[in-house]
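Residue-level structural notes
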Amino acid sequence: MPVTERALELAMAAAQAAADKKAQDIVIIDVGDQLAITDAFVIASASNERQVVAVVDAVEEALLNLPEKAKPVRREGERQGRWVLLDFIDIVVHIQHTEEREFYALDKLWKDCPSMPFVDRDLADADATGAA
């Protein structure tokens, strides 16, 4: 089953919030056909533990500020600040320290699932300005 509009809205908002805090390698993976418990994963990397926590805070704030608010039903890993999982039911957000991202390779684990395009709006604005 393809990603719902709600899951896509949440995933894009989470990805943009992560990008706004300078997270790297942000991907959105459609796992709906493989998992019954969620529609999409958002995966992002941060270079240190403080940045992981800052990205997590930004994602939670962004989803709370949507017209139809979203709060995580579960949070895992925040104490260590190396890999934090936020479960919003429709999506699951993984914010990983760069080393954990390389080691656990979620992207490779879910490589058979389609990824959804995400472009940081700041990069898109810069490209549009540069092209004008």
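Heads up: the structure comes first, above all this text.
Residues numbered from 1 in each chain as written. Predicted model: local features only at pLDDT ≥ 70, side-chain atom pairs only at ≥ 80, totals over all residues. Heavy atoms only, no water.

What follows is about the packing of aromatic side chains. Following the criterion strictly, the structure yields three aromatic pairs and no others. Ring plane angle 50° and centroid distance 4.9 Å describe the contact between Trp 83 and Tyr 104, whose orientation is recorded as tilted. Within this pair, whereas Trp 83 is found in strand β4 (residues 83-87), its partner Tyr 104 is found in helix α3 (residues 98-104), the two being separated by 21 residues in sequence. Their ring planes at 85° and their centres at 4.9 Å tell us that Phe 103 and Tyr 104 sit as a pair that is edge-to-face. Grouped by ring-pair contacts, the aromatic residues Trp 83, Phe 103 and Tyr 104 constitute a single cluster. (Phe/Tyr/Trp six-rings, centres within 6.5 Å; stacked < 30°, edge-to-face > 60°. Helix = DSSP H or I, 4+ residues; strand = E, 2+ residues; numbered from the N terminus.)

In this sheet, strand β2 (residues 40-46) lies alongside strand β1 (residues 24-30) in antiparallel orientation, the contact comprising five bridges. Each bridged residue has a counterpart across the sheet, and for Ile 28 the counterpart in β2 is Val 42. With two bridges connecting them, β1 and strand β6 (residues 115-116) associate as antiparallel partners. In the sheet register, Ile 28 faces β6, and the bridge partner there is Met 116. (Pairing = 2+ DSSP bridges.)

Time to look at the environment of Leu 66. Mapped onto the fold, Leu 66 is located in the loop between α2 (49-64) and β3 (74-76). Taking the C-alpha atoms as reference points, Leu 66 and Leu 10, 56 residues apart in sequence, are found 8.5 Å from one another. Non-local contacts of Leu 66, meaning those with residues more than four positions away in its chain, are made with Arg 6, Glu 9, Leu 10 and Ala 13. (Contact = heavy atoms within 4.5 Å.)

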